[in-house]
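# Understanding the architecture of this molecule
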Amino acid sequence: MPAGQDFGYLCPGPADPVFDTGSNVSTRKEKKMKILVGYDESKSAENALKLAQKHAKAFNADIYIVTSLEQSPTLKKDDIDRAESKLEKLRTSFKVDDIPCETQVSVSVQSPGEDLVNYAKDNDIDEIIIGVKKRSKVGKLVFGSTAQYVILEAPCPVAAVK
């Protein structure tokens with residue numbers, strides 16, 4: 001019987017590149033891992049960046065750092081400029097370590113959690129790393145929890161860092 005056809009499901013045979021032990025060349029194009037970091041200038045977000053840097057080195061991954069600002073009448077152009085400036089400094093620090101990094105300030109009517117989850121879906125992100133901070137039950141009720149939303153709704157694994 002031909003390989004892969006004997007039991008009604010695909011069984012790789014000896015000629016399949018996955019099982020070809022005589023070759024050091026993979027015929028599959030390796031997809032580079034993509035890591036998204038939600039960044040808000042907090043201590044926990046700084047810790048998330050450190051973990052992202054470790055993961056990027058370990059898994060040869062690209063880093064995407066996103067600051068999500070909720071559109072509102074109180075949001076000023078200076079807030080956006082300050083966020084862009086900070087992200088540019090972060091991008092440069094990753095570049096020094098030879099880690100590909102893209103940054104983006106997102107101004108949206110969505111909550112930051114929704115914005116990060118949609119970014120992950122739209123960009124085929126493989127892992128999200130976010131900072132978490134302790135809040136009271138009332139604080140979560142009144143302000144919501146970006147981390148909780150991301151953890152529950154993300155299309156990929158989420159690492160939460162404190």
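Everything below is about the structure printed above this text.
Note that the structure is a prediction, hence the values are computed from the model and not measured.

Attention shifts here to the overall build of the protein chain. The number of helices and strands found in the protein chain is five helices and five strands. Traced from its N-terminal end to its C-terminal end, the protein chain shows the element sequence β-α-β-α-β-α-β-α-α-β. Within the protein chain, buried positions represent 33% of all 162 residues. Long-range pairs, those at least 24 residues apart, make up 74% of the contacts in the protein chain with a sequence separation of at least 6. When the accessible area of the protein chain is evaluated, it comes to approximately 10,900 Å², of which 53% is carbon and sulfur surface.

Turning our eyes to something else, we now look at the packing of aromatic side chains. In total, this model carries one aromatic pair according to the counting rule given. For the ring pair Tyr-64 and Tyr-119, a centre distance of 6.5 Å and an interplane angle of 55° mean the geometry is tilted. A residue pair is termed long-range when its members are at least 10 positions apart, and Tyr-64 in strand β2 (residues 62-70) and Tyr-119 in helix α3 (residues 112-122) qualify at 55 residues. Judged by its relative accessible area of 9%, Tyr-64 is buried.

So, on to the nonpolar core. Counting 22 residues, the largest nonpolar core has Val-37, Ile-63, Ile-65 and Ile-129 as the members making the most contacts within it. The next biggest cluster of nonpolar side chains, apart from the first, holds 14 residues, and it includes Tyr-64, Val-66, Ala-120 and Val-150.

This next bit is on helix α2 (residues 77-96). End to end, α2 covers 29 Å across 20 residues, agreeing with the expected 28 Å (1.5 Å per residue, within 8%). Buried residues belonging to α2 abut α1 (43-59), β2 and β3 (101-108).

Let us look at the packing of α3 against helix α5 (residues 146-153). Running from N to C, α3 and α5 point in directions that differ by 30°, and their axes come no closer than 8 Å. By the angle class used here, α3 and α5 are roughly parallel. The hand of the α3/α5 crossing is right-handed. Residues Pro-112, Gly-113, Glu-114, Leu-116, Val-117 and Lys-121 of α3 form the contact with α5, whose own contacting residues are Thr-146, Tyr-149, Val-150 and Glu-153.

Positive phi is not limited to glycine here, since Asp-98 has a value of about 60°. Summarising the element assignment, Asp-98 is placed in the loop between α2 and β3. Of note, the phi angle at Asp-124 is positive, near 50°, even though the residue is not glycine. As for its position among the elements, Asp-124 is in the loop between α3 and β4 (127-131).

This paragraph deals with the pairing of strand β5 (residues 158-161). Strand residues, when the strand is regular, have side chains that alternate between the two faces of the sheet. Alternating residues of β5 divide into Ala-159 and Val-161, all buried, and Val-158 and Ala-160, none buried. Where β4 and β5 come together, four bridges link them in parallel fashion. Across the sheet, Ile-129 pairs through a bridge with Ala-159, a residue of β5.

Right, let's get into the pattern of salt bridges. Counting across every chain of the model gives six salt bridges. Between Arg-82 and Glu-41 there is a salt bridge; the shortest N-O distance is 3.9 Å. One end of the pair, Arg-82, is in helix α2; the other, Glu-41, is in the loop between β1 (34-38) and α1, and 41 residues separate them in sequence. By relative accessible area, which is 38% here, Glu-41 ends up partly exposed. The partner of Arg-91 in a salt bridge is Glu-88, and the shortest N-O contact between them spans 2.7 Å. In this pair, Arg-91 and Glu-88 both sit in helix α2, three residues apart, roughly one turn of the helix. According to the relative accessible area criterion, Glu-88 is partly exposed, its value standing at 35%. What you see here is one network of salt bridges that share partners, running through Glu-41, Asp-79 and Arg-82.

Reading the values: rules and limits
- Residues numbered from 1 in each chain as written.
- Predicted model: local features only at pLDDT ≥ 70, side-chain atom pairs only at ≥ 80, totals over all residues.
- Heavy atoms only, no water.
- Helix = DSSP H or I, 4+ residues; strand = E, 2+ residues; numbered from the N terminus.
- Buried < 20%, exposed > 50% of the residue type's maximum accessible area, 1.4 Å probe, protein only.
- Contact = heavy atoms within 4.5 Å.
- Areas by Shrake-Rupley, 256 points an atom, 1.4 Å probe, with all protein chains shown as cover.
- Phe/Tyr/Trp six-rings, centres within 6.5 Å; stacked < 30°, edge-to-face > 60°.
- Core = buried A, V, L, I, M, F, W, Y, C linked by side-chain atoms within 4.5 Å.
- Expected span 1.5 Å × (residues − 1).
- Axes fitted to C-alpha atoms, helices over the stretch in contact; angles between N-to-C directions.
- Parallel < 35°, antiparallel > 145°, perpendicular 65-115°, else oblique.
- Left-handed = near helix turned anticlockwise from the far one by under 90°.
- Pairing = 2+ DSSP bridges.
- Salt bridge = Lys/Arg side-chain N within 4 Å of Asp/Glu carboxyl O.

Read these as layout, nothing more, since geometry by itself doesn't imply function.
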